[in-house]
Amino acid sequence: MRKIITTTWITLDGFIAGPNEEMDWVIVDDEMGQYEDDVVSAADTLLLGRVTYQSFAGSWPYVPDNPAAQPGEKEYARKLNAMRKIVFSKTLPTVEWNNSSLMKEVLPEAITKLKQEPGRDMLIYGSASIVRTLTNHGLIDEYQLLVHPVVLGSGKPLFQDIRDRRKLQLVKTKTFPSGVVGLYYQPANT
């Protein structure tokens, strides 16, 4: 069965964006670029909320033809552009990015069916509302939290409005030279 994996940049105090949605604290270097390429290469489907979809669709489709883009960035963009994208939004009328389809709401039965389809893993980038909803339904198979060495004090929390306690087990850690720590969690067998 395919897994749903969320990969999330997060601050030490649990925020995924600052109080004004700023993400200027995110460390982007060669090691983080390699991590992102590896995680995308292991998946064939992106699950996106409206905000992340609009951000990605507004930039990644144009990177391969951008003469100023680095070769690695172009290759990464080609992978994202080729992937199947499922966008969850109640307000978007359509989605135009290549291989995108729109779902008006997160239906646990539909997500379970997606997990049973043949293929590689499904990946959630950002999309805190999707992470929260799927966490509440017990449908996320792995949380890859990339903890950045910064404390914001306030901002947009990742785990907000979680209904029930979810016990997780740490399955892997990775320390990046930048000071970012990757924490890989899966639901605990209880």
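The model shown is predicted, which means the values in this text are computed figures rather than measured ones.

Peer 1: I'm lost on unusual backbone geometry in this one. Help?
Peer 2: Trans is the common state for peptide bonds, and a negative phi is the common state for residues other than glycine. Of note in the backbone geometry, asparagine 99 takes a positive phi value of approximately 65° without being a glycine. A positive phi angle, near 65°, is found at aspartate 161, a position not held by glycine. Among the secondary structure elements, aspartate 161 is positioned in the loop between strand 8 (156-157) and strand 9 (168-175). What makes aspartate 161 exposed here is its relative accessible area of 62%.

Peer 1: Where do I start with the sheet that holds strand 6 (residues 121-125) in this structure?
Peer 2: Hydrogen bonds between backbone groups are what pair the strands of a sheet, and the pairing can be parallel or antiparallel. Within the open sheet, the 8 strands sit side by side as 5-4-3-6-1-7-10-9. Their pairing is mixed. Either end of the sheet is taken by a strand with one partner, and the two such strands are strand 5 (100-103) and strand 9. Along the sheet, successive strands turn relative to each other by an average axial angle of 25°, direction set aside. Across 7 bridges, strand 1 (residues 4-11) lies against strand 7 (residues 142-148) in parallel orientation. When the bridges of strand 7 are listed, isoleucine 10 appears paired with valine 147. Across the sheet, helix 4 (residues 108-116) is in contact with strand 1, strand 4 (84-88), strand 5 and strand 6; its angle to strand 4 comes to roughly 170°.

Peer 1: What is the right way to read the side chain of histidine 148 from this model?
Peer 2: Topologically, histidine 148 is positioned in strand 7. If sequence neighbours within four positions are ignored, histidine 148 has contacts with Trp9, Ile10, Thr11, Leu12, Trp25, Val26, Ile27 and Val180.

Peer 1: What's the story with helix 4 in this structure? I'm lost.
Peer 2: Since one α-helical turn is 3.6 residues long, residues separated by three or four positions face the same way. Of all the positions in helix 4, only Ile111, Leu114 and Lys115 are classed as buried. An end-on view of helix 4 places all buried positions within 100° of arc, on one side of the element. In helix 4, those exposed residues whose orientation departs by more than 90 degrees from the buried face are Glu109, Lys113 and Gln116. Of the surrounding elements, those touching the buried residues of helix 4 are strand 1, strand 4, strand 6 and helix 5 (128-136).

Rules behind the numbers
- Residues numbered from 1 in each chain as written.
- Predicted model: local features only at pLDDT ≥ 70, side-chain atom pairs only at ≥ 80, totals over all residues.
- Heavy atoms only, no water.
- Helix = DSSP H or I, 4+ residues; strand = E, 2+ residues; numbered from the N terminus.
- Buried < 20%, exposed > 50% of the residue type's maximum accessible area, 1.4 Å probe, protein only.
- Pairing = 2+ DSSP bridges.
- Axes fitted to C-alpha atoms, helices over the stretch in contact; angles between N-to-C directions.
- Contact = heavy atoms within 4.5 Å.
- Arc of directions from axis to C-beta.

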